[in-house]
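Understanding the architecture of this molecule
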Amino acid sequence: DQQVKQNSPSLSVQEGRISILNCDYTNSMFDYFLWYKKYPAEGPTFLISISSIKDKNEDGRFTVFLNKSAKHLSLHIVPSQPGDSAVYFCAASGSGGSYIPTFGRGTSLIVHP
Amino acid sequence: EPEVTQTPSHQVTQMGQEVILRCVPISNHLYFYWYRQILGQKVEFLVSFYNNEISEKSEIFDDQFSVERPDGSNFTLKIRSTKLEDSAMYFCASSGPGTFGRDEQFFGPGTRLTVL
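Note that the structure is a prediction, hence the values are computed from the model and not measured. (Residues numbered from 1 in each chain as written. Chains lettered and ligands numbered in written order. Predicted model: local features only at pLDDT ≥ 70, side-chain atom pairs only at ≥ 80, totals over all residues. Heavy atoms only, no water.)

1. Notes on the environment of R69 of chain B
Residue and element names in this part refer to chain B. Here is the rule we go by: Labels follow the DSSP assignment, with helices taken as runs of H or I lasting at least four residues and strands as runs of E lasting at least two, numbered in each case from the N terminus. What makes two residues a contact is simply this: any of their non-hydrogen atoms within 4.5 Å.
Note on placement: R69 falls in the loop between β7 (65–68) and β8 (75–79). Distance from R69 to R36, taken between C-alpha atoms, is 19 Å for residues 33 residues apart in sequence. When neighbours within four sequence positions are excluded, R69 is seen to be in contact with P25, F32, F49, N52 and N74.

In structure tokens:
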């Protein structure tokens, strides 16, 4: 039962280029979406979030886009840096009144110098 | 910068043994969580805790699991009789004092539990 899907297990990008990480969800009750970043041997770190009343949220090099009709969100990193190499988790919450996030399986991003 | 800490970083135990995983959340946070991640799989919610009681729990959090905040700083997860399938990375997280769950959750570095 994958309510939050990250279909690309890995992504490789050249330094300076744009990284686009994708996430799809199936539960239309989700109304809050988050991206977390995880380095090896560390816990996930909150990166950016978006409410369902918006379609875009930007924070520095990171922008999250939400397409509610397609139940799709994406994280754009511009420009990508080698330090961005990590596993990125998409998460969604709000179903059934719960604020507990449901996580995707993650996408491993590698940014090559 | 305040951070969530977890001990031990790695715990090896025999099947059927009890384990206690410890966490020290960020001091002014009010909401506490345990998650687990089985190798190669997604991060899964186990339980949330607020005001000294469980707020939500998942289907994974059965009678073998319990949580406690024994004092003002520690938050523990106990597994009474470990099974092989309990082998995973266990993450503690805390958030608040804002809107429950909508605040950023701060995760600890995790405890890797290996059940032999």
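2. Overview of the state of the cysteines
Going by this rule: Sulfur atoms of two cysteines make up a disulfide when they are within 2.5 Å. Under the scheme applied here, a residue whose accessible area is under 20% of the maximum for its type counts as buried, over 50% as exposed, and between as partly exposed, the area being computed with a 1.4 Å probe on protein chains only.
A full pass over the atoms with the stated rule returns 2 disulfides over all chains. What pairs with C23 of chain A in a disulfide is C90 of chain A, and their sulfur atoms sit 2.0 Å apart. Across the disulfide from C23 of chain A to C90 of chain A, rotation about the S-S bond amounts to roughly -75 degrees, and the bridge is consequently left-handed. On the criterion of sequence distance, the pair formed by C23 of chain A in strand β3 (residues 19–25) and C90 of chain A in strand β9 (residues 86–93) is long-range, its members being 67 residues apart. Judged by its relative accessible area of 0%, C23 of chain A is buried. Through a disulfide, C23 of chain B is tied to C92 of chain B; the S-S separation comes to 1.9 Å. Disulfide C23 of chain B to C92 of chain B: torsion about the S-S bond roughly -65 degrees, handedness left-handed. Highlighted residues: C23 of chain B in strand β3 (residues 19–24) and C92 of chain B in strand β9 (residues 88–95), separated in sequence by 69 residues. One exposure class covers both C23 of chain B and C92 of chain B, and it is buried.

3. Focus on the sheet that holds β3 of chain B
Residues and elements named next belong to chain B. Note the threshold: Pairing between strands is defined by DSSP: at least two bridges between the two strands are required. Between N-to-C directions, angles cover 0 to 180 degrees, with each direction set by a line fitted to C-alpha atoms, over the stretch in contact for helices.
With respect to topology, 4 strands assemble into an open sheet ordered β1-β3-β8-β7, the strand pairing being antiparallel. Each of the sheet's edge strands pairs with one partner strand only, and the pair in question is β1 (5–7) and β7. Across the sheet, the mean angle separating the axes of adjacent strands is 20 degrees when strand polarity is ignored. When β1 meets β3, the two strands line up antiparallel, connected through 3 bridges. Of the residues in β3, the one forming a bridge with Q6 is C23.

4. Details of the interface of chain B and chain A
Threshold: As used here, buried area is the combined drop in accessible area, with a 1.4 Å probe, of two parts when they are placed together. Take a side-chain nitrogen of Lys or Arg and a carboxyl oxygen of Asp or Glu: if they are within 4 Å of each other, that pair is a salt bridge. Counting of polar contacts relies on pairs of N or O atoms within 3.5 Å, with two restrictions inside protein: one atom must be capable of donating a hydrogen and the other of accepting it, and residues adjacent in sequence are counted only when both atoms are side-chain atoms.
Taken together, the 20 residues of chain B in the interface contact 20 residues of chain A. Counting the surface lost from both chain B and chain A, the interface buries some 1700 Å², and carbon and sulfur atoms represent 61% of this. Scanning the region where chain B abuts chain A turns up 0 salt bridges. Counting the contacts that link chain B with chain A gives 1 residue pair in polar contact (both at pLDDT 80 or more). Going through the elements one at a time, β4 (31–37) and β5 (43–50) of chain B are the ones with two or more residues in the side of chain B that touches chain A.

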